[in-house]
Number of protein chains: 6
Amino acid sequence: MSKSGLVITAHPGDFVWRAGGAIALHAKRGYRMKILCMSYGERGESQFAWKEKGATLESVKAGRKAEAEAAAAVLGAEIEFMDAGDYPLGNTPEMLDRAIDIFRELNPSFVLSHALKDPYNFDHPEAAHFAQQARVIAQAMGHKPQADYTYSAPAMFLFEPHQPEQCDFKPDVLLNISEVWETKFKAFQCLPAQKHLWAYYERVALNRGMQGGRNSGKPMVHGEAYMRLFPQALEELV
Amino acid sequence: MSKSGLVITAHPGDFVWRAGGAIALHAKRGYRMKILCMSYGERGESQFAWKEKGATLESVKAGRKAEAEAAAAVLGAEIEFMDAGDYPLGNTPEMLDRAIDIFRELNPSFVLSHALKDPYNFDHPEAAHFAQQARVIAQAMGHKPQADYTYSAPAMFLFEPHQPEQCDFKPDVLLNISEVWETKFKAFQCLPAQKHLWAYYERVALNRGMQGGRNSGKPMVHGEAYMRLFPQALEELV
Amino acid sequence: MSKSGLVITAHPGDFVWRAGGAIALHAKRGYRMKILCMSYGERGESQFAWKEKGATLESVKAGRKAEAEAAAAVLGAEIEFMDAGDYPLGNTPEMLDRAIDIFRELNPSFVLSHALKDPYNFDHPEAAHFAQQARVIAQAMGHKPQADYTYSAPAMFLFEPHQPEQCDFKPDVLLNISEVWETKFKAFQCLPAQKHLWAYYERVALNRGMQGGRNSGKPMVHGEAYMRLFPQALEELV
Amino acid sequence: MSKSGLVITAHPGDFVWRAGGAIALHAKRGYRMKILCMSYGERGESQFAWKEKGATLESVKAGRKAEAEAAAAVLGAEIEFMDAGDYPLGNTPEMLDRAIDIFRELNPSFVLSHALKDPYNFDHPEAAHFAQQARVIAQAMGHKPQADYTYSAPAMFLFEPHQPEQCDFKPDVLLNISEVWETKFKAFQCLPAQKHLWAYYERVALNRGMQGGRNSGKPMVHGEAYMRLFPQALEELV
Amino acid sequence: MSKSGLVITAHPGDFVWRAGGAIALHAKRGYRMKILCMSYGERGESQFAWKEKGATLESVKAGRKAEAEAAAAVLGAEIEFMDAGDYPLGNTPEMLDRAIDIFRELNPSFVLSHALKDPYNFDHPEAAHFAQQARVIAQAMGHKPQADYTYSAPAMFLFEPHQPEQCDFKPDVLLNISEVWETKFKAFQCLPAQKHLWAYYERVALNRGMQGGRNSGKPMVHGEAYMRLFPQALEELV
Amino acid sequence: MSKSGLVITAHPGDFVWRAGGAIALHAKRGYRMKILCMSYGERGESQFAWKEKGATLESVKAGRKAEAEAAAAVLGAEIEFMDAGDYPLGNTPEMLDRAIDIFRELNPSFVLSHALKDPYNFDHPEAAHFAQQARVIAQAMGHKPQADYTYSAPAMFLFEPHQPEQCDFKPDVLLNISEVWETKFKAFQCLPAQKHLWAYYERVALNRGMQGGRNSGKPMVHGEAYMRLFPQALEELV
């Protein structure tokens with residue numbers, strides 16, 4: 001059975017800018033990659049869509065959904081939406097229940113989500129907390145006890161927010177995404193309304209890459225930064 | 001050429017209690033393991049030796065040196081002493097110069113040292129700072145520029161202090177040392193004067209092991225905890 | 001059009017003790033100053049009122065409302081109440097919606113609120129979080145999209161809690177309120193039941209003033225301390 | 001009137017492993033000790049019970065309740081359950097109201113609860129926050145104002161979580177529980193399904209004891225670690 | 001044999017403003033109180049003395065010494081000077097050796113010193129580090145091993161710096177100094193050149209006193225704030 | 001008399017990459033800008049120079065000096081060298097004395113230096129500490145008391161290190177350097193051996209610029225990030 005990875009984000013853009021490299025890289029390595037996108041970012045992250053004449057909540061959501069599906073396809077991932085609403089993120093017990101099911105069904109090797117603090121966007125830590133809760137509750141034998149499953153809480157990584165220092169984000173991992181950079185950049189192009197961010201996140205990738213090289217002594221061109229939420233159990237240090 | 005690891009400690013006991021498992025484990029895996037022991041712990045960590053009649057600084061140092069050599073041999077490591085003096089640790093520019101040489105000669109895959117803070121023992125952070133400085137200066141092309149060497153600053157791990165929380169020690173790595181536990185415990189026995197610590201550090205190993213199992217979902221009996229000082233550059237997340 | 005400032009507090013006393021100087025100062029400079037007071041502090045901050053014979057929730061609320069209105073008038077500010085209830089603070093989605101409207105209507109240059117942590121009073125961080133959320137959501141183009149408004153999220157400052165160190169409060173700004181100290185002290189006098197705090201907060205003002213002078217080299221008699229929540233964008237450093 | 005202490009935990013095991021020594025010690029000294037146990041840990045902390053054939057939520061809860069009552073009796077404490085549900089903890093306004101009443105009825109000298117952060121178990125910080133809120137609101141004169149009571153918010157101590165460093169747990173107090181260790185260990189035996197934790201928490205007690213001795217210069221065999229949440233008001237430093 | 005307390009400060013004023021209450025209080029309770037004053041504050045804390053015509057380093061030092069001796073006498077303490085020089089503090093190995101001797105001779109129940117960080121005055125953390133080192137090395141059996149002494153490293157408290165939040169100072173202890181306030185204020189009067197600080201530190205004492213009352217529920221008029229550097233070993237929680 | 005600013009760096013490159021915008025901007029506004037460059041970076045920051053045939057310490061230093069002078073001239077600043085040696089930085093009491101004189105002579109409105117922590121380069125925090133000490137000691141009336149000067153300790157800003165998060169660097173200020181970007185980039189070109197960093201720091205400037213715009217609501221193209229070390233004394237909040 002193939003390995004898998006899960007990505008839980010508040011809005012569509014997040015998985016593209018922040019984790020697109022990890023998604024494409026692991027998909028390429030044969031992982032089943034799944035994105036759980038909690039909202040369409042329809043209220044707070046769709047400025048351009050709202051400037052179109054006749055825009056309605058439904059039309060904006062439909063547009064963002066199509067973009068997110070296209071980006072996920074480029075990256076090689078499945079995507080599931082929760083339509084929780086954004087600004088503020090409106091998650092419910094039913095959504096938590098569904099997320100727990102996904103953890104059990106997928107039994108991922110790792111889960112990626114937002115930084116635990118973000119004073120610019122409260123949907124982000126809310127989504128991260130949601131991911132953490134689902135990850136833990138999926139272990140509870142008394143939750144849907146009749147279910148037949150194997151599950152072990154996976155490693156959890158937090159991807160990079162827009163202004164990392166303001167979010168207490170300190171990289172523990174610099175992931176080499178050079179070999180999938182072209183793919184990540186293609187996914188950027190599925191989000192034409194945020195074209196000003198393409199170059200921004202290309203610069204982030206190049207600078208994280210150079211930092212990766214500095215830390216390892218081996219060159220890295222494009223990188224993605226992650227915080228690791230739990231200690232690693234290792235059989236050897238390096 | 002075999003891989004290698006370097007351990008820099010203030011006193012002899014430190015490499016036994018705190019890093020004995022990592023030393024034995026990597027030695028067993030074929031690493032060349034080297035311990036740089038900055039002092040003999042002759043003033044501050046030799047209470048029992050001083051209680052012997054006729055004890056002198058020289059006799060205490062000789063006794064501690066013999067114990068440390070025996071423990072290093074059990075663990076499968078080379079050991080070099082600096083005789084820097086302890087309480088307080090008396091490192092000099094010449095010692096720093098020697099440590100830089102060792103970094104370049106050994107070109108280790110990793111270096112282990114003390115936590116950066118320890119309000120119970122100022123020799124410990126002093127040794128860690130010394131290790132950090134040598135690790136960095138060894139990169140400076142203008143330091144002994146005629147030398148012919150290949151060197152890349154290695155990963156650095158901090159081993160567990162006696163009272164971890166008071167030293168801001170938060171484990172990033174739980175290393176499975178189960179397969180070398182017997183060896184580590186034999187090294188304990190080279191330090192008969194500190195017999196009261198044998199059981200203490202066996203309990204630490206068992207509890208860190210259980211924590212390792214909790215974090216990975218795979219059983220671990222004996223563990224050693226480490227902080228990682230720099231971000232990891234990775235080609236895959238898990 | 002004149003500039004404006006917004007103050008969001010959990011209880012009436014808070015805007016007097018903690019931000020009364022800033023309110024009076026900016027009012028004097030021509031700012032439209034508005035206080036959004038989430039509760040009357042009727043349950044948890046009205047000990048004296050409850051000691052009066054025949055006190056009821058309604059009578060206590062009415063008394064506190066009158067005091068708060070008097071204090072706001074002295075300071076030169078408008079005041080709006082939410083009657084959210086206190087201990088615990090009972091904010092609702094409707095209140096958040098109203099606060100978002102206020103941000104858009106006022107388009108303030110700055111917003112003042114509580115410290116993000118307060119182990120003595122959970123209404124305080126709750127109010128600060130409410131203020132932060134409203135500040136951000138007011139930017140969301142999809143929130144009430146037909147509205148015609150100009151809004152840019154303002155600078156946010158946290159005022160000083162009663163026991164600053166226990167609340168992780170570290171001043172970034174020492175505001176010179178000397179020229180409005182008389183006014184602030186008059187506002188104190190609108191709160192006769194808390195007379196024991198008049199002298200306490202006068203001492204706070206005098207000591208913050210002396211600290212202000214130490215940091216700038218220019219004398220300051222009365223000061224108010226603030227934390228700044230976001231980086232400043234500057235055209236010149238000083 | 002005798003002094004009293006209150007313990008608020010999310011699940012039954014918590015008061016045994018983490019605070020059993022303090023409970024037994026103060027009970028022995030004549031304190032009225034009361035445990036408020038918010039859930040039965042029926043979903044997330046009852047793996048063994050769920051492996052029994054025919055287990056239902058009700059049977060698991062009943063089993064855990066009986067164990068908790070037995071352990072409380074061994075320790076010399078009263079116990080009250082809230083049946084709030086676990087994973088996630090489902091506290092309600094009514095439960096908060098009951099907890100406030102308990103604070104006022106008991107007027108405890110101290111309250112013990114969980115660490116404020118625990119990324120492995122979100123029920124724990126939720127219970128701690130619940131305890132903090134009840135502790136503060138019980139002071140509010142306008143909460144049930146007709147009540148006749150004397151209440152002063154007690155000292156609050158946080159007991160040790162399973163992986164202390166990951167929970168930002170740093171001991172302020174090492175309580176000598178040597179004289180009640182036998183009792184605490186008997187309470188362990190009321191929890192047969194978690195036998196693997198008996199030895200774990202015995203090791204914790206022995207190592208905290210040795211640390212206690214190191215910090216005071218006076219031997220301590222078994223210890224329990226606590227964080228103190230508020231400053232102490234003292235009449236003399238030692 | 002009577003109990004004792006040791007106070008290690010960088011400059012004369014420090015023990016008066018920051019620890020004068022604790023000194024007077026414990027002296028009154030029969031403790032032998034000793035102040036180790038590392039410099040006379042002659043360069044950096046004697047602005048007024050330097051404004052006098054004909055001032056020389058020696059005359060300024062003599063003046064400050066006389067003031068410090070007078071203040072110590074008022075507080076009921078012995079005082080010893082090191083003449084280490086200030087701005088920067090010039091401590092030597094010989095001074096450390098002397099301080100170690102003092103720790104062993106006095107065997108104090110507690111030691112008071114500066115906060116570990118102070119960006120306004122680097123002599124302060126330097127003195128605190130010096131105190132910490134001497135406290136630890138005094139335990140080392142191999143330091144002057146022939147000496148006949150009983151010594152156990154005492155509890156260590158950090159007194160309040162001028163701008164506490166900027167120094168990461170968070171009070172753990174609020175000491176009730178009401179009964180010796182008059183004495184502390186008399187000691188202020190031994191420092192006529194710093195008259196502007198008399199009122200400042202009276203306000204600090206009154207506000208720390210009110211905070212003490214808030215935390216304990218028992219009134220406190222004048223208080224002094226301290227951080228506790230090591231965990232307490234306790235036989236009972238309150 | 002014109003205003004002035006002081007920049008204290010460990011090595012030549014630092015003032016170019018990290019503070020070149022602030023230097024050029026304030027020079028353009030009429031400030032007298034002075035750089036105090038503690039070493040030539042001859043051992044640790046001159047890899048390319050050492051690869052040249054026949055390189056000696058003197059030739060490397062001369063080359064770096066010429067580059068630094070050229071860059072300072074482009075930026076519009078004076079430059080003074082200390083030749084303290086690098087890796088490790090070898091500052092002496094005489095150098096501190098000279099730096100104190102500079103603070104008094106220049107009486108700058110602000111001083112710029114390194115972050116207080118940098119695990120990649122210990123010369124950086126050493127230089128920052130040196131700058132802090134000189135800034136404070138320059139206030140001491142007893143330091144060279146006959147001197148005739150006016151001095152008030154200036155605002156201090158820390159510029160951005162190479163890997164900001166690893167250095168606990170959190171921006172408080174985003175300085176708009178768009179109008180001098182061309183000048184800053186010309187200064188880059190004075191450092192031909194580090195051409196790989198030109199693009200890196202251009203990306204940093206563009207991303208900090210975009211962040212500046214996000215925080216203020218006003219567009220910023222190129223930015224430089226700074227931490228502010230002391231609270232601001234303000235007459236108005238915005």
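Residues numbered from 1 in each chain as written. Chains lettered and ligands numbered in written order. Predicted model: local features only at pLDDT ≥ 70, side-chain atom pairs only at ≥ 80, totals over all residues. Heavy atoms only, no water.

Going by the annotation in an unreviewed UniProt entry, the name recorded for chain A is PIG-L deacetylase family protein, with Falsiroseomonas tokyonensis given as the source organism.

**Student:** Quick one: what's the story with the interface of chain E and chain D, residue by residue and with numbers?
**Tutor:** Taken together, the contact between chain E and chain D spans 34 residues of the former and 34 residues of the latter. Taking both sides of the interface into account, the surface hidden between chain E and chain D amounts to around 2,800 Å²; carbon and sulfur atoms contribute 53%. Area buried by chain E at its contact with chain D is led by P231, L237 and V238 of chain E, which between them contribute 24% of it. In this structure, the connection of chain E to chain D is made through two salt bridges. Between R29 of chain E and E236 of chain D there is a salt bridge, with its nearest N and O atoms 3.1 Å apart. Taken together, the links from chain E to chain D amount to 20 residue pairs in polar contact (both at pLDDT 80 or more). Sorting the residues of the side of chain E that touches chain D by element identifies α2 (20–28), β4 (110–113), β5 (155–159), β6 (173–176), α8 (195–216), β7 (223–228) and β8 (232–234) of chain E as the ones contributing at least two each. (Contact = heavy atoms within 4.5 Å. Buried area = accessible area lost by both parts, 1.4 Å probe. Salt bridge = Lys/Arg side-chain N within 4 Å of Asp/Glu carboxyl O. Polar contact = N/O pair within 3.5 Å; in protein donor to acceptor, adjacent residues only side chain to side chain. Helix = DSSP H or I, 4+ residues; strand = E, 2+ residues; numbered from the N terminus.)

**Student:** Summarise the interface of chain B and chain E; cite the residues concerned and give the values.
**Tutor:** Taken together, the contacts link twelve residues of chain B with twelve residues of chain E. Buried surface at the junction of chain B and chain E, both sides included, amounts to about 1,200 Å², of which 73% is carbon and sulfur. The interface formed by chain B and chain E holds zero salt bridges in total. Summed over the shared surface of chain B and chain E, the result is three residue pairs in polar contact (both at pLDDT 80 or more).

**Student:** Run through the relation of the copies chain B and chain E, naming residues and quoting values.
**Tutor:** Between chain B and chain E, which share one sequence, the superposing operator has a rotation angle of 120 degrees and an axial displacement of 0.0 Å; the RMSD is 0.0 Å. Within this description, the copies of the chain are treated as partners about a three-fold rotation axis. Taking C-alpha positions as reference, the residue of chain B nearest the rotation axis is K117 of chain B, located at 8.0 Å. (Least-squares fit on C-alpha atoms with pLDDT ≥ 70 in both.)

**Student:** Tell me about the arrangement of the chains, and please be specific about residues and values.
**Tutor:** There is a gap between chain B and chain C: no contact, and a shortest C-alpha distance of 18 Å. At the level of C-alpha atoms, the two units chain A and chain E stay apart, their nearest approach being 18 Å.

**Student:** Explain the side chain of R208 of chain B residue by residue, including any values.
**Tutor:** Position of R208 of chain B among the secondary structure elements: in helix α8 (residues 195–216). Among the polar contacts listed, one links the side chain of R208 of chain B to the side chain of E160 of chain B, at a separation of 2.9 Å. A distance of 2.9 Å separates a polar atom in the side chain of R208 of chain B from a polar atom in the side chain of Q211 of chain B. If sequence neighbours within four positions are ignored, R208 of chain B has contacts with E160, P164, P171, L174, M220, G223, E224 and A225 of chain B together with E165 of chain D.

**Student:** Any chance you could break down helix α6 (residues 123–137) of chain D for me, citing the residues and the numbers?
**Tutor:** With 15 residues, α6 of chain D extends 21 Å from end C-alpha to end C-alpha; this agrees with the ideal 21 Å at 1.5 Å per step. With 13 of its 15 residues buried, α6 of chain D lies for the most part within the structure. (Expected span 1.5 Å × (residues − 1). Buried < 20%, exposed > 50% of the residue type's maximum accessible area, 1.4 Å probe, protein only.)

**Student:** Which residues make up the relation of the copies chain E and chain D, and what values go with them?
**Tutor:** Laying chain E over chain D is done by rotating through 180 degrees and shifting 0.0 Å along the axis; what remains is an RMSD of 0.0 Å. The superposition operator between the copies reduces to a two-fold rotation axis. If distances are taken from each C-alpha of chain E to the rotation axis, the shortest is found for D172 of chain E, at 4.7 Å. Taken as a fraction of all interface residues of chain E, those also at the interface in chain D reach 100%, which identifies the copy contact as same-surface.

**Student:** Give a detailed account of the pattern of salt bridges, specifying residues and quantitative values.
**Tutor:** Summed over all chains, the structure comprises 108 salt bridges over all chains. As a salt-bridge pair, E179 of chain B and K28 of chain B come within 2.7 Å of each other at their nearest N and O atoms. Highlighted residues: E179 of chain B in the loop between β6 (173–176) and α7 (181–188) and K28 of chain B in helix α2 (residues 20–28), separated in sequence by 151 residues. The exposure class of E179 of chain B is partly exposed, given its relative accessible area of 41%. With relative accessibility at 54%, the residue K28 of chain B sits in the exposed group. Among the charged side chains, a salt-bridge network with shared partners connects K28, R29 and E179 of chain A together with E236 of chain B.

**Student:** Please give an account of the side chain of N121 of chain E that cites residues and values.
**Tutor:** Residues and elements named next belong to chain E. By the element assignment, N121 lies in the loop between β4 and α6 (123–137). N121 sits in the buried class, given a relative accessible area of 4%. Discounting residues that sit within four places of it in the chain, N121 has contacts with H11, E45 and Y87.

**Student:** Describe in detail the sheet that holds strand β6 (residues 173–176) of chain C, supporting the description with residues and values.
**Tutor:** An order of β3(C)-β2(C)-β1(C)-β4(C)-β5(C)-β7(C)-β6(C)-β8(F) is seen for the eight strands of this open sheet, with the pairing classed as mixed. With one partner strand each, in any of the chains shown, β3 (78–81) of chain C together with β8 (232–234) of chain F form the two edges of the open sheet. The mean inter-strand angle of the sheet, taken between neighbouring strand axes irrespective of direction, is 25 degrees. Of the strand pairs in this sheet, strand β1 (residues 4–9) of chain C and strand β2 (residues 32–37) of chain C are connected by six bridges, and their pairing is parallel. What sits directly across from V7 of chain C, in β2 of chain C, is I35 of chain C. (Pairing = 2+ DSSP bridges. Axes fitted to C-alpha atoms, helices over the stretch in contact; angles between N-to-C directions.)

**Student:** Can you break down the packing of aromatic side chains residue by residue, with the values?
**Tutor:** Evaluated as defined, the whole model comprises 72 aromatic pairs over all chains. Seen in terms of ring centroids, Y120 of chain A and F230 of chain C are 4.9 Å apart; in terms of plane orientation they differ by 50 degrees. Their pairing is tilted. Here Y120 of chain A is found in the loop between β4 (110–113) and α6 (123–137), whereas its partner F230 of chain C is found in the loop between β7 (223–228) and β8 (232–234) on a different chain. Each member of the pair, Y120 of chain A together with F230 of chain C, is buried. Centroid distance Y200 of chain E to Y201 of chain E: 5.0 Å. Interplanar angle 75 degrees. Geometry classified as edge-to-face. (Phe/Tyr/Trp six-rings, centres within 6.5 Å; stacked < 30°, edge-to-face > 60°.)

**Student:** Could you give an account of helix α7 (residues 181–188) of chain E, with specific residues and numbers?
**Tutor:** An α-helix turns once per 3.6 residues; consequently, residues spaced three or four apart project the same way. Residues and elements named next belong to chain E. Buried residues of α7: W181, K184, A187 and F188, and no others. Buried residues of α7, viewed axially, fall in a sector of 120 degrees; they line one side. Residues of α7 that are exposed and angled more than 90 degrees away from the buried face: E182 and K186. Contacts made by the buried residues of α7 are with α1 (12–17), α2, α4 (57–75), α8 and β7. (Arc of directions from axis to C-beta.)

**Student:** Could you give an account of the sheet that holds strand β4 (residues 110–113) of chain B, naming the residues involved and the relevant values?
**Tutor:** The mixed open sheet is built from eight strands, whose spatial order is β8(A)-β6(B)-β7(B)-β5(B)-β4(B)-β1(B)-β2(B)-β3(B). Both outer strands of the open sheet, β8 (232–234) of chain A together with β3 (78–81) of chain B, are each paired with one neighbouring strand and no more. Going across the sheet, the axis of each strand differs from the next one's by a mean of 25 degrees, ignoring polarity.

**Student:** Can you explain the environment of F230 of chain C? Please cite residues and give values.
**Tutor:** Since its relative accessible area comes to 8%, F230 of chain C is described here as buried. Along the chain, F230 of chain C and F81 of chain C lie 149 residues apart, while their C-alpha atoms are 27 Å from each other. The residues contacting F230 of chain C, other than those within four sequence positions of it, are P119 and Y120 of chain A, R135 and M156 of chain C together with N215 of chain F.

**Student:** Which residues make up the packing of helix α5 (residues 93–106) of chain D against α6 of chain D, and what values go with them?
**Tutor:** A pair of packed helices is captured by two measures, namely the crossing angle of their axes and the spacing between those axes. Residue and element names in this part refer to chain D. Where α5 contacts α6, the axes come no closer than 8 Å and their chain directions differ by 55 degrees. Between α5 and α6, the angle is such that the two are oblique. Between α5 and α6 lies a crossing whose hand is right-handed. Where α5 approaches α6, its residues M95, L96, A99, I100, F103 and R104 are matched on the opposing element by F130, A131, Q133, A134, R135 and I137. Across the contact of α5 with α6, the residue classes tally to nine nonpolar, one polar and two charged. (Parallel < 35°, antiparallel > 145°, perpendicular 65-115°, else oblique. Left-handed = near helix turned anticlockwise from the far one by under 90°. Nonpolar A, V, L, I, M, F, W, Y, C, P; charged D, E, K, R; others polar.)

**Student:** Can you tell me about unusual backbone geometry, naming the residues and giving the values?
**Tutor:** Cis geometry is found at the peptide bond from Y87 of chain D to P88 of chain D, where omega equals 0 degrees. With respect to the helices, strands and loops of the structure, P88 of chain D is situated in the loop between β3 (78–81) and α5. Here the phi dihedral of N107 of chain A falls at roughly 45 degrees; this positive angle occurs in a residue that is not glycine. Of note in the backbone geometry, Y87 of chain C takes a positive phi value of approximately 50 degrees without being a glycine.

**Student:** Tell me about the environment of S109 of chain B, and name the residues and values.
**Tutor:** Among the secondary structure elements, S109 of chain B is positioned in the loop between α5 (93–106) and β4. Note on S109 of chain B: relative accessible area 22%, which makes it partly exposed. Along the backbone, S109 of chain B and G5 of chain B are 104 residues apart, and their C-alpha atoms lie at a distance of 5.7 Å. In this structure S109 of chain B touches V238 of chain A together with K3, S4, Y31, P154 and A155 of chain B, once residues within four positions along its chain are discounted.

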